[in-house]
Amino acid sequence: MEFVLPTKLLHILMISMMFSVILMAFIQKCKTLKIIRKSSLIWLLNFIFSFLLGIPFAHMFYEVSWLEGIWVAIFSFIGAPGLYETLKNQQIISYKPKGVSEIQTIEEPTEKS
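Residues numbered from 1 in each chain as written. Predicted model: local features only at pLDDT ≥ 70, side-chain atom pairs only at ≥ 80, totals over all residues. Heavy atoms only, no water.

Draft legend 1. Representation of the packing of helix α1 (residues 7–30) against helix α2 (residues 39–62). Across the interface, α1 lies against α2 with an axial gap of 9 Å and an inter-helix angle of 135°. One element, α1, and the other, α2, form an angle in the oblique class. The hand of the α1/α2 crossing is right-handed. Of α2, the residues touching α1 (which contributes M14, I15, M18, F19, I22, L23, F26, I27 and C30) are I42, L45, N46, F49, S50, L53, G54, F57, A58 and Y62. (Axes fitted to C-alpha atoms, helices over the stretch in contact; angles between N-to-C directions. Helix = DSSP H or I, 4+ residues; strand = E, 2+ residues; numbered from the N terminus. Parallel < 35°, antiparallel > 145°, perpendicular 65-115°, else oblique. Left-handed = near helix turned anticlockwise from the far one by under 90°. Contact = heavy atoms within 4.5 Å.)

As structure tokens, then:
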């Protein structure tokens, strides 16, 4: 089995899967910001934060080399959106970002005379 899936690759994939969950939650929180309106900006934030946070995350908590941390960031960048879509399609998560069109008003009850 070592020939098909090396132990080091499995270790890096496990780390990137753990970080993808954190990255997914962070990106979903960023989607609620008013300045983020385009999907290309979300893609860019995913790319930037997967490297800015992924490499130190892998190095600090799993004590892997910086080069392996780069692989963790790459796999997390690819995996976080896929993980979110999979969980959303299976209705495990039901998070819906707040938008301008979703503002709800509460009407006051009218008094009967």
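Draft legend 2. How the structure looks around the confidence of the model for the protein chain. Residues of the protein chain with pLDDT of at least 70 account for 76%, and the chain-wide mean is 81. Mean pLDDT values over the elements of the protein chain span from 83, in helix α3 (residues 66–89), up to 92, in α2. (pLDDT = per-residue confidence, 0-100.)

Draft legend 3. Geometry of the packing of aromatic side chains. Applying the stated criterion across every chain yields a total of nine aromatic pairs. Ring centres of F57 and F61 lie 5.2 Å apart, and the angle between their planes is 55°; this geometry places the pair in the tilted category. Linking F57 with F61, this pair stays in helix α2, spanning four residues, or about one helical turn. Judged by relative accessible area, F57 falls into the buried class, the value being 14%. For F61, a relative accessible area of 55% translates into the label exposed. Counting every residue linked through ring pairs, the aromatic cluster contains F19, F57, F61 and Y62. (Phe/Tyr/Trp six-rings, centres within 6.5 Å; stacked < 30°, edge-to-face > 60°. Buried < 20%, exposed > 50% of the residue type's maximum accessible area, 1.4 Å probe, protein only.)

Draft legend 4. The nonpolar core, seen in detail. Judged by nonpolar contacts, the single largest core of 13 residues is most densely connected at I15, L23, L45, A58 and V72. Residue assignment for this core shows that the elements contributing at least two residues are α1, α2 and α3. (Core = buried A, V, L, I, M, F, W, Y, C linked by side-chain atoms within 4.5 Å.)

Draft legend 5. Main features of α2. A bend of about 30° at G54 is the largest found in α2, and the proline P56 appears one to four places after it. Among the residues of α2, L45, N46, S50, G54, I55, F57 and A58 are the ones counted as buried. Count one or two residues on from α2 and you reach E63, which has phi positive near 50°. (Bend = angle between axes of the 7 residues up to and from the residue.)

Draft legend 6. Structural view of a nonpolar patch on the surface. A surface patch of nonpolar side chains, about 700 Å² in accessible area, is lined by F26, L41, W43, L44, F47, I48, L52 and L53. Mapped onto the elements, F47 comes out in helix α2. Classification of F47 by relative accessible area gives partly exposed; the value is 36%. (Patch = residues over 30% accessible without salt bridge, like charges linked within 9 Å, V, L, I, M, F, W, Y side chains within 5 Å. Areas by Shrake-Rupley, 256 points an atom, 1.4 Å probe, with all protein chains shown as cover. Salt bridge = Lys/Arg side-chain N within 4 Å of Asp/Glu carboxyl O.)

Draft legend 7. Fine view of unusual backbone geometry. Unlike most non-glycine residues, E63 shows phi in positive territory, near 50°. Turning to its location among the elements, E63 is positioned in the loop between α2 and α3. Taking the relative accessible area as the measure of exposure, E63 reaches 72% and is therefore exposed.

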